[in-house]
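Coordinate analysis (summary)
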Amino acid sequence: MNVCIVGTGYVGLVTAACLSEMGNHVRCVDKNPQVVETLRAGRIHIFEPGLEELVRRNCAEGRLTFTTSLAEGLSFDGDGAEFAFVCVGTPSGDDGVCDLCFVDAVAGEIGRTMSTPLIVVNKSTVPVGTADRVRAIITRELAARGAEVEFDVVSNPEFLKEGDAVQDFMKPDRVIVGTENPKSAEMLKALYAPFARSREKLIIMGVRSAEMTKYAANCMLATKISFINEVANICERVGADVSEVRLGIGSDHRIGYNFIYPGVGYGGSCFPKDVKAFLATAREAGYEAGLIRSVDEVNARQKTVLAQKILAHFAPLGGVAGRTLALWGLAFKANTDDVREAPAFDIIRELTAAGMRVRAFDPVAAPRARAELSGNALVELVAAQYDALKGADALAVVTDWNQFRNPDFAGIARQLAEPVIFDGRNLYSRSLLARFGLGHYGIGR
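First things first, this report covers the structure right here in the doc. A quick note: this is a predicted structure, and the numbers were derived from the prediction, not measured.

Cut-off values and rules
- Residue positions are counted from 1 within each chain, in the order its sequence is given.
- Side-chain atom pairs in this predicted model are given and counted only at pLDDT of 80 or more, local residue features only at pLDDT of at least 70, and totals for whole chains, interfaces and linings cover all residues.
- Water and hydrogen atoms were dropped before computing side-chain values, which therefore reflect all heavy atoms in the structure.
- Definitions used for this entry: grid spacing 1 Å over protein atoms alone; cavity, a set of points where a 1.4 Å probe fits but cannot get out; pocket, an open set with protein on both sides within 12 Å along at least 5 of 7 lines; lining residue, one with an atom within 4 Å of a point.
- Grid points are joined across faces, edges and corners, and a volume is the space filled by probe spheres set on the points.
- Only DSSP runs of H or I with at least four residues qualify as helices, and only runs of E with at least two residues qualify as strands; both kinds are numbered from the N terminus onward.
- Side-chain classes follow a simple rule in which Ala, Val, Leu, Ile, Met, Phe, Trp, Tyr, Cys and Pro form the nonpolar group, Asp, Glu, Lys and Arg form the charged group, and the remainder, Gly included, forms the polar group.
- Note on classification: 1.4 Å probe, protein chains only; a residue is buried when its accessible area is under 20% of the maximum for its type, exposed when over 50%, partly exposed between these limits.
- Whenever two N or O atoms come within 3.5 Å, that pair is a polar contact, provided that in protein one can donate a hydrogen and the other can accept it, and provided that, for residues adjacent in sequence, both atoms are side-chain atoms.
- The contact definition used throughout considers only heavy atoms, calling two residues in contact when any of these lie within 4.5 Å.
- In this scheme, strands are said to pair when DSSP sees at least two bridges between them.
- Structural elements are reduced to axes, namely lines fitted to C-alpha atoms, with helices fitted over the stretch in contact, and the angle between N-to-C directions of any two is expressed from 0 to 180 degrees.
- Crossovers are described as right-handed under a simple rule: with the strands pointing away from the observer, the path leading from the first strand over the helix to the second runs clockwise.
- An angle counts as roughly parallel when it lies under 35 degrees, as roughly antiparallel when it exceeds 145, as roughly perpendicular when it falls between 65 and 115, and as oblique in every other case.
- Helix crossings fall into two classes, left-handed where the near helix is turned counterclockwise from the far one by less than a right angle and right-handed where it is turned clockwise.
- Grouping buried Ala, Val, Leu, Ile, Met, Phe, Trp, Tyr and Cys residues that are joined through side-chain atoms within 4.5 Å yields what is termed a nonpolar core.
- Arc definition: directions from the helix axis to the C-beta atoms.

Our focus in this paragraph is the layout of surface pockets. In this structure, the second largest pocket encloses a volume near 1,200 Å³. If you go around the second largest pocket, you meet 46 residues; those closest to its centre are Cys87, Val88, Gly89, Thr90 and Arg340. Looking at the lining of the second largest pocket, the elements that each hand over two or more residues are helix H1 (10-21), helix H5 (101-113) and helix H11 (271-284). Residue contributions to the lining of the second largest pocket peak at five residues, all from H5. Of the residues assigned to the lining of the second largest pocket, the class counts are 19 nonpolar, 12 polar and 15 charged.

The next thing to look at is the side chain of Thr336. Here Thr336 lies in the loop between strand E11 (324-328) and helix H14 (343-353). On the basis of relative accessibility, which here comes to 0%, the residue Thr336 falls in the buried class. Here Glu162 takes part through its side chain, which lies 3.0 Å from a polar atom of the side chain of Thr336. Among residues more than four places away in sequence, those in contact with Thr336 are Tyr10, Phe47, Glu162, Ala331, Val364, Ala365 and Trp401.

With that settled, the discussion passes to the sheet that holds strand E13 (residues 379-381). Strands belonging to one sheet form pairs held by backbone hydrogen bonds; the direction of such a pair is parallel or antiparallel. The six strands lie next to each other as E13-E12-E11-E14-E15-E16, forming an open sheet whose pairing is parallel. Each end of this open sheet is capped by a strand with a single partner; those strands are E13 and strand E16 (439-441). Each adjacent strand pair in this sheet contributes to an overall mean axis angle of 20 degrees, direction not counted. One ladder, built from three bridges, connects strand E12 (residues 357-361) with E13; its direction is parallel. The residue bridging Arg359 from the neighbouring strand is Glu380, located in E13. Sheet strands in contact with H14 are E11, E12 and E13, and its direction is about 180 degrees off that of E11.

In summary, the side chains of a regular strand alternate between the two faces of the sheet. Burial along strand E14 (residues 394-397) is two-sided: Ala394 and Ala396 facing one way and Leu395 and Val397 facing the other are all buried. Strand direction decides the pairing type here: E11 and E14, joined by four bridges, are parallel. In the sheet register, Trp328 faces E14, and the bridge partner there is Val397. Note: E14 against strand E15 (residues 420-423), three bridges, orientation parallel. Bridging across to E15, Leu395 finds its partner in Ile421. Note on the crossover from E14 through helix H16 (residues 409-415) to E15: the handedness is right-handed.

Right, let's talk about the packing of helix H9 (residues 207-238) against H11 for a bit. Look at H9 against H11: their axes get within 9 Å of each other, and the N-to-C directions meet at 115 degrees. Between H9 and H11, the angle falls in the class roughly perpendicular. At the point where H9 passes H11, the crossing takes the left-handed sense. Here Met212, Lys214, Tyr215, Ala216, Asn218, Cys219, Leu221, Ala222 and Ile225 of H9 lie close against H11, whose contacting residues are Phe271, Asp274, Val275, Ala277 and Phe278.

Turning our eyes to something else, we now look at empty space enclosed by the protein. Summed over all chains, the structure comprises one cavity of 30 Å³ or more. Each pocket or cavity is described by its volume, and for the largest cavity that value is around 30 Å³. Surrounding the largest cavity, Asn122, Ser124, Thr125, Val126, Ser155, Pro157, Glu211 and Lys214 form its lining. Per-class residue counts for the lining of the largest cavity are two nonpolar, four polar and two charged.

Moving on: the nonpolar core. Ranked by internal contacts, the top residues of the largest apolar core, which has 61 residues, are Leu327 and Trp328. One finds Ala81, Val88, Val106 and Ile138 within the second-largest nonpolar core, a separate group that totals 43 residues.

Another aspect to go through is helix H3 (residues 51-60). Helical geometry: 3.6 residues make up each α-helical turn, so side chains three or four residues apart lie on a common side. Among the residues of H3, Leu51, Leu54, Val55, Asn58 and Cys59 are the ones counted as buried. The arc enclosing the buried residues of H3, seen along the axis, measures out at 120 degrees, which places them on a common side. In H3, those exposed residues whose orientation departs by more than 90 degrees from the buried face are Glu53 and Ala60. Considering only its buried residues, H3 is in contact with H1, helix H2 (33-40), strand E3 (64-67) and helix H7 (165-170). Of the residues one or two after H3, Gly62 is the one with positive phi, at around 80 degrees.

Rendered as structure tokens:
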């Protein structure tokens with residue numbers, strides 16, 4: 001099939017690469033000429049394991065191409081695209097309301113450009129009712145041209161985990177399609193058939209239900225994270241170990257072990273934005289979603305928990321002013337360079353406000369973090385993991401990269417002025433660290 005993808009961020013580029021890998025002809029549209037040139041050269045502008053190889057191979061074999069022109073994106077050697085996937089950003093405003101300006105712009109340009117029948121697929125995370133909004137914009141633009149072109153607008157929310165997005169697309173748990181049009185449903189079923197060989201994974205529902213499903217899923221996962229972090233904070237105060245509690249509750253199949261790892265809170269491009277947008281949607285509908293509001297509030301608090309532990313530890317030693325913290329991990333999670341809403345920045349802001357210097361390392365995310373931290377004179381980014389320890393008073397581990405899981409503890413103990421690790425991901429055993437003379441602060445222990 002001929003597929004146009006508008007937007008080459010995490011969702012758009014993964015969708016394009018995986019669809020082209022299955023033999024489809026895919027043309028990606030991005031307004032940034034530099035991004036397009038980078039992609040044409042077989043390189044990618046984001047970090048996602050396995051993605052660059054897919055992009056390079058499918059570019060070389062002619063199934064995947066890139067352009068800055070939507071007109072070119074919708075045209076395939078005289079034939080039109082059957083699908084136009086909208087994969088542009090939908091940032092949150094200060095009030096949490098989802099900003100649809102990029103979606104609106106794409107819808108308008110599609111209406112001004114399309115000339116053959118088209119299924120417009122909303123894959124961006126958007127509020128309930130956006131498909132109707134996109135349909136109205138396209139209809140208006142077609143009318144302004146005096147053109148009659150058959151089209152449909154469907155919802156096809158993404159459920160990709162950054163760091164494992166290629167695998168998630170290739171072997172999805174489910175594929176949600178929101179449409180009332182049987183023809184559109186059959187077309188999408190055919191497009192996704194190669195990804196559902198072992199069992200039927202396509203779930204057809206109403207458009208608004210599909211839009212709602214995306215927010216509900218992310219808010220449920222965010223709720224599990226905030227719940228276990230709340231449990232962890234109580235565990236510390238009553239002398240329990242959240243790691244043991246997690247084993248006890250996770251063994252119940254109704255709860256399970258996924259997303260009940262205590263830590264420094266969730267970040268990234270999805271959970272923070274989607275929780276706030278879900279709250280805004282509820283408010284607009286006249287409903288106060290107290291549980292979801294609490295999820296957001298607990299997460300905001302959790303992002304500073306590690307900083308509070310560091311401040312409390314050094315308070316009887318004269319405070320943190322003038323001291324240096326080695327910090328490992330800037331990405332909001334491992335296997336991505338995404339630093340949006342990353343807890344590391346909340347920790348850094350809290351500590352540097354108290355006069356502490358931070359020397360930070362991340363194996364992938366440092367270039368993106370640099371812009372975020374450039375105005376803070378107390379922060380230094382280093383290129384090597386153990387360089388962060390030089391002259392440091394303590395170490396904080398914020399992201400659970402594999403290379404942080406079994407480091408040189410003896411070397412860490414030798415280099416730190418105050419031999420203590422603040423373990424924001426509960427990676428280490430307190431008894432093991434004690435053998436090296438290292439103190440340990442975890443989460444919920």
